[in-house]
Amino acid sequence: MAGKLYGIGVGPGDPGLLTLKAKGILESSGVIAYPVRKAGERSTAFDIISQVVDVSEKSVEEFLFSMDPDDSVREKCRADAMEKMCRLLDNGEDIAMVTLGDVGVYSTYMYIDREIASRGYETEVVPGIPSFCHGAALASIPLMIGNEGLAVVPVAKENSALLREALESFDNVVVMKAFKSMPLIASMMDEIGIPRSGATVVSNVGMDGEYIGPMDTERQYGYFTTVIIKKESGGEDI
């Protein structure tokens, strides 16, 4: 009987935020897997779960998904990874693939899940706590209150129009992948007329170098940096 593939969201960094369901599946699965962009690359998600799950008797597998600009290189890496995964599943191994935060938020795993499921294997997605939810909790600010709306967008020069639309249209905006883009975000807020005091930066939440505080365009932030922007303080939610 073929094994089952699980996509496990491990949360934002604090191993205490790993869900009980995720921990149970990790403990019962024979293979713990994680995706990497370069061979031998460190997996933060694996580092998190190894603090609360005994991995000494597990088979730990790295799956390479190259970001090489050459399409043929990326396609071969993907094909090799899929074949390797299918071999493990055909051997009856349950595979738990770990990913930071929630599996459904900018995760490579969802591409993998779709491909493996299309080949007839059983898969399951196990949610985790997204970093922006943890960050908002640590900063003691609501993501939404009353009848407010929320937009979650990535920031990059090529999709700055999406960020602008979100800032113009929504009461609250979560800007992910923001570690190199503080000047762009601040400039756009200025143009639209949103006070910079409405921005809270949450960086490396639950990890070394954690920062939760006001936006500082001169500060160097860690890779895992999100900005929570609130236009209003929000009314009471009854």
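See the structure printed just above.
The structure presented is a predicted model; accordingly, all values stated were derived computationally and were not measured.

Caption draft 1: Structural view of the overall build of the protein chain. Broken down by element type, the protein chain carries 7 helices and 10 strands. Each principal axis of the C-alpha distribution contributes one length, and for the protein chain these read about 60 × 45 × 30 Å. In the protein chain, 22 positive and 36 negative side-chain charges are present, and the distance between their average locations comes to 3 Å.

Caption draft 2: Structural view of the nonpolar core. Membership of the largest hydrophobic core comes to 22 residues, with the highest contact counts inside it found for V175, I185, M215, V227 and I229. The set of elements that each furnish at least two residues to this core consists of β6 (150-154), α6 (160-169), β7 (172-176), α7 (182-192), β8 (199-203) and β10 (225-230). By residue number, the principal contributor to this core is α7, which donates 5 residues. Not counting the four nearest positions on each side in its chain, I229 is found in contact with L167, D171, N172, V173, V175, I185, M189, I194, G198 and A199. Counting 19 residues, the second-largest nonpolar core is a separate cluster that includes Y6, I25, L26 and Y34.

Caption draft 3: Structural view of unusual backbone geometry. Phi angles above zero are rare outside glycine, and S140 is one such case at about 60°. Looking at the element boundaries, S140 is found in the loop between α5 (131-139) and β6. Among the residues examined, S140 registers a relative accessible area of 65% and is labelled exposed. At K177, a residue that is not glycine, the phi angle is positive and equals roughly 55°. Position of K177 among the secondary structure elements: in the loop between β7 and α7.

Rules and cut-offs
- Residues numbered from 1 in each chain as written.
- Predicted model: local features only at pLDDT ≥ 70, side-chain atom pairs only at ≥ 80, totals over all residues.
- Heavy atoms only, no water.
- Helix = DSSP H or I, 4+ residues; strand = E, 2+ residues; numbered from the N terminus.
- Lys, Arg positive; Asp, Glu negative; His and termini not counted.
- Charge placed at Lys NZ, Arg CZ, Asp CG, Glu CD.
- Core = buried A, V, L, I, M, F, W, Y, C linked by side-chain atoms within 4.5 Å.
- Buried < 20%, exposed > 50% of the residue type's maximum accessible area, 1.4 Å probe, protein only.
- Contact = heavy atoms within 4.5 Å.

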